[in-house]
Amino acid sequence: MMRGEGLAAIHAAAREAFAEQGYHATSVRDIARRAGVSMAALYYHYEGKQELLFAVLRESVEDYFVTCEHALAAAPDDPAAHLDALVGATVRYRVRRRAESTLNLIEVRNLEPRYRKLLDARVDTATRMWAGIIDDGVRAGVFATAWPDDARRAVIAMCNAIADWYRPEGAVTVDELVERYVGLARTIVACS
């Protein structure tokens, strides 16, 4: 694989092109041009657009996990604190990586089955992470929701939607957004 700025430039160009035009309307030539590399350089490192889409999505998903792991490691050992940390990390991630968040929600459908299976495995890990926190809270009597799976889906959907509407130049700061979404998530799980 290419090292340093070349690979970063290719990934940035791919993210930008896929976000602006969508997977099908984006050509490898367009990505190479945006990245400032030759077609030969791009093809040397990636078989094609499909492999590049997977690389961009995988990189984004792995960054999400690192973000969440750091937040959870810093949180007190309590289901409510873990929920707060995970919601906060997710909100900050969705704001920081808006284009990638949208790509992960929309363009994942364009992955070939071999790539989709690999990404789905990571998505399942995220689902288990959220479910574990909510289930722990229900077992501990900290969350009173009668529908933990529905609560998990609602909180995740709420956080995922941020990439669609949030604008950093808007009236709500990221810290305010985190505070609001933590409050909403606690309401959804009926946190005591």
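What comes next is a walk through the structure. For clarity, every value in this text was computed on a predicted model and none was experimentally measured.

Definitions and cut-offs
- Residues numbered from 1 in each chain as written.
- Predicted model: local features only at pLDDT ≥ 70, side-chain atom pairs only at ≥ 80, totals over all residues.
- Heavy atoms only, no water.
- Helix = DSSP H or I, 4+ residues; strand = E, 2+ residues; numbered from the N terminus.
- Buried < 20%, exposed > 50% of the residue type's maximum accessible area, 1.4 Å probe, protein only.
- Contact = heavy atoms within 4.5 Å.
- Areas by Shrake-Rupley, 256 points an atom, 1.4 Å probe, with all protein chains shown as cover.
- Lys, Arg positive; Asp, Glu negative; His and termini not counted.
- Salt bridge = Lys/Arg side-chain N within 4 Å of Asp/Glu carboxyl O.
- Polar contact = N/O pair within 3.5 Å; in protein donor to acceptor, adjacent residues only side chain to side chain.
- Expected span 1.5 Å × (residues − 1).
- Phe/Tyr/Trp six-rings, centres within 6.5 Å; stacked < 30°, edge-to-face > 60°.
- Lys NZ or Arg CZ within 6 Å of the ring centre and 35° of its normal.

### Here we look at the overall build of the chain
For the chain, the helix and strand inventory stands at ten helices and zero strands. Projected onto the principal axes, the alpha-carbon positions of the chain cover approximately 60 × 40 × 30 Å. Buried positions account for 48% of the 192 residues belonging to the chain. Contacts in the chain between residues at least 24 apart in sequence constitute 67% of all its contacts with a sequence separation of at least 6. Accessible surface computed for the chain: about 9,900 Å², of which carbon and sulfur atoms make up 55%.

### Quick look at the side chain of Arg94
Structurally, Arg94 is set in helix α5 (residues 79-96). Salt bridges are absent for the buried Arg94, whose nearest opposite-charge side chain, Glu100, sits at 8.6 Å. In this structure the side chain of Arg94 is engaged in a polar contact, spanning 3.0 Å, whose partner is the side chain of Ser101. Polar contacts involving the side chain of Arg94 include one to the side chain of Asn160, which spans 2.6 Å. Not counting the four nearest positions on each side in its chain, Arg94 is found in contact with Ser101, Cys159, Asn160, Ile162 and Ala163.

### Looking at α5
Taking 1.5 Å per residue as the helical rise, α5 with its 18 residues ought to reach 26 Å, and the 25 Å between its terminal C-alpha atoms agrees with that figure. For α5, the tally of buried residues reaches 15 of 18 residues, placing the bulk of the element in the interior.

### Considering the environment of Ala75
Positionally, Ala75 belongs in the loop between α4 (49-74) and α5. Along the chain, Ala75 and Val28 lie 47 residues apart, while their C-alpha atoms are 43 Å from each other. With sequence-adjacent residues up to four places away left out, Ala75 is seen in contact with Ala81, His82 and Ala85.

### Some points on the packing of aromatic side chains
Note on aromatic pairs: each is described by the distance of the centres and the angle between the planes. Scanning the model with the defined rule gives five aromatic pairs in all. For the ring pair Phe18 and Tyr23, a centre distance of 5.7 Å and an interplane angle of 40 degrees mean the geometry is tilted. Residue Tyr23 is classed as buried on the basis of its relative accessible area, which comes to 9%. Arranged with centres 5.8 Å apart and planes meeting at 75 degrees, the rings of Trp165 and Tyr166 form a pair that is edge-to-face. Residue class for Tyr166 comes out buried when judged on its relative accessible area of 2%. Its guanidinium or amino end placed over the ring of Tyr23, Lys49 lies 4.3 Å from that ring's centre, counting from NZ or CZ. Sitting above the plane of the Phe65 ring, Arg122 keeps its charged end 3.9 Å from the centroid.

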